[in-house]
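Structural features, examined
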Amino acid sequence: MNDDISIARARTDTTGGYDRVVAFIREQLSSRRLQIGDRLLPERELASVLGVSRPVVREALRALSAIGVVDIRPGHGTVVSRPDFSTLADFFSLALAQEPNAVDDVMEVRIAIERHAVRLACRRASESDLTRLTQVFDRIVATLDDVMAGWRADFDFHSALVSAARSPTLSSVYTAISDLLERSHQERREHIRNVEGINAFIIDHHAKLLNAILERDETAADQLLVEHFLIGAEFRRKASLTTASAAQKIDPKTTPSAPTDSQPVTQSAS
Ligand SMILES: [Zn+2]
């Protein structure tokens, strides 16, 4: 740590006091001189060795605490903690809040993650992963007529699929977009709930997907997942047509809404 201290002292404090604190802690973490559970230097000492003011140190530590890198414990000091990637879900949902097509955009990421995850899951899933997937599938069946519990079960099934890939980074990225995924699951389930054949699709297709994973057949599982998204898109298109024709019946002057029919359909799924 002495080397770092001398380097830090040699720098001027004209700009980026905050960045300096963050860079210092990042370097300590990546060199493993600081590890989970370790206590940081007291605020006063950190300020001194880095040549920045105590408020700057405090601000930087609060920012790191907000993303779960450190845990500020009053009366005890600041301790390195295991980052909680779910905090990134807040970041993504806020960062993309102003994007009009955020949900559709995130669906493309979802498809990419799940297609790779299902292949990894076929290779790596443990018995407990498979048990969990089976249990969530049972919940999909049990909640078929309940929109709220139903979309939640569907979301949990796909989350369990990603967890079964046993890839911490893949799971972290999926968790980071989970707020938006939950929103899209809910919106799509409400949208397609009355389309003929939807219940049979939800049960049959998740059952096929589950079986392919249980049999560790990654080609079949990937193919089924591709179909899962395409068929879901088709149900969404049908739901939009039904909505448009219902609107027409209420008001004969209403023409079928072009934006409704031309919604992107390739990114809808259950
Ligand atoms: Zn699904």
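Everything numeric in this text was worked out from a predicted model, so none of it was measured. (Residues numbered from 1 in each chain as written. Predicted model: local features only at pLDDT ≥ 70, side-chain atom pairs only at ≥ 80, totals over all residues.)

1. Quick look at the overall build of the protein chain
Across its full length, the protein chain carries 13 helices and two strands. Taken over 270 residues, the protein chain has a buried fraction of 29%. The contacts of the protein chain with a sequence gap of at least 6 include a subset with a gap of at least 24, amounting to 70%. (Helix = DSSP H or I, 4+ residues; strand = E, 2+ residues; numbered from the N terminus. Buried ≥ 20, exposed ≤ 12 C-beta atoms within 10 Å, placed from the backbone. Contact = placed C-beta atoms within 7 Å.)

2. Some words on unusual backbone geometry
Within the chain, Arg32 stands out as a residue other than glycine whose phi angle is a positive 65°. Within the secondary structure, Arg32 sits in the loop between α2 (17–30) and α3 (43–50). In the Ramachandran plot, Arg166 falls in the positive-phi region, its phi being about 55° despite a non-glycine side chain. With respect to the helices, strands and loops of the structure, Arg166 is situated in the loop between α8 (147–163) and α9 (168–176).

3. A short note on the environment of Val79
Looking at where Val79 falls in the secondary structure, it is placed in strand β2 (residues 77–80). C-alpha of Val79 to C-alpha of Gln35: the two residues are 44 residues apart in sequence and 9.2 Å apart in space. Once residues lying within four places of it in the same chain are set aside, the contact partners of Val79 are Gly37, Asp38, Arg39, Val70, Asp71 and Arg73.

4. Considerations on helix α11 (residues 198–214)
Under the 1.5 Å per step criterion, the end-to-end length of α11 is 24 Å for 17 residues, consistent within 8% with the ideal 24 Å. Among the residues of α11, those classed as buried are Ile202, His206, Leu209, Leu210, Ala212 and Ile213. Along the axis of α11, the buried residues cluster in a sector spanning 160°; they form a single face. Summarising the geometry of α11, the exposed residues directed more than 90 degrees from the buried face are Ala200 and Asp204. A positive backbone phi angle near 55° is found at Arg216, which sits one or two residues after α11. (Expected span 1.5 Å × (residues − 1). Arc of directions from axis to C-beta.)

5. Some words on the confidence of the model for the protein chain
For the protein chain, mean pLDDT is 84; residues scoring 70 or higher make up 84% of the total. Taking the mean pLDDT of every element in the protein chain, the minimum, 40, falls on helix α13 (residues 258–261) and the maximum, 98, on helix α7 (residues 127–142). Contacts from residues 254–266, a stretch scored under 50 in pLDDT, to residues over four places away or in other chains number 17 contacts. (pLDDT = per-residue confidence, 0-100.)

6. Focus: the environment of Leu225
Tracing the backbone through its elements, the reader meets Leu225 in helix α12 (residues 218–250). Judged by the 23 C-beta atoms lying within 10 Å of it, Leu225 is buried. Sequence-wise, Leu225 and Ile111 are 114 residues apart; in three dimensions their C-alpha atoms are separated by 8.5 Å. Excluding anything up to four places from it in sequence, Leu225 contacts Glu114, Arg115, Val118 and Leu209.

7. What about the nonpolar core?
Grouped together as the largest cluster of nonpolar side chains are 34 residues, with contacts concentrated most on Val118, Ala121, Leu133, Phe157, Leu161, Ile213 and Ala221. Elements that contribute at least two residues to this core include exactly α5 (87–95), α6 (102–124), α7, α8, α9, α10 (178–192), α11 and α12. No other element matches α6, which puts seven residues into this core. Ignoring anything within four residues of it in the chain, the contact list for Ala121 reads Leu161, Ala164, Ala165 and Ile213. Within the second largest apolar cluster, 14 residues are counted, among which are Ile25, Val56, Ala60 and Leu61. (Core = buried A, V, L, I, M, F, W, Y, C linked by C-beta atoms within 7 Å.)

8. Digging into the pairing of β2
When strand β1 (residues 70–73) meets β2, the two strands line up antiparallel, connected through four bridges. Note on β2: the bridge partner recorded for Arg73 is Gly77. (Pairing = 2+ DSSP bridges.)

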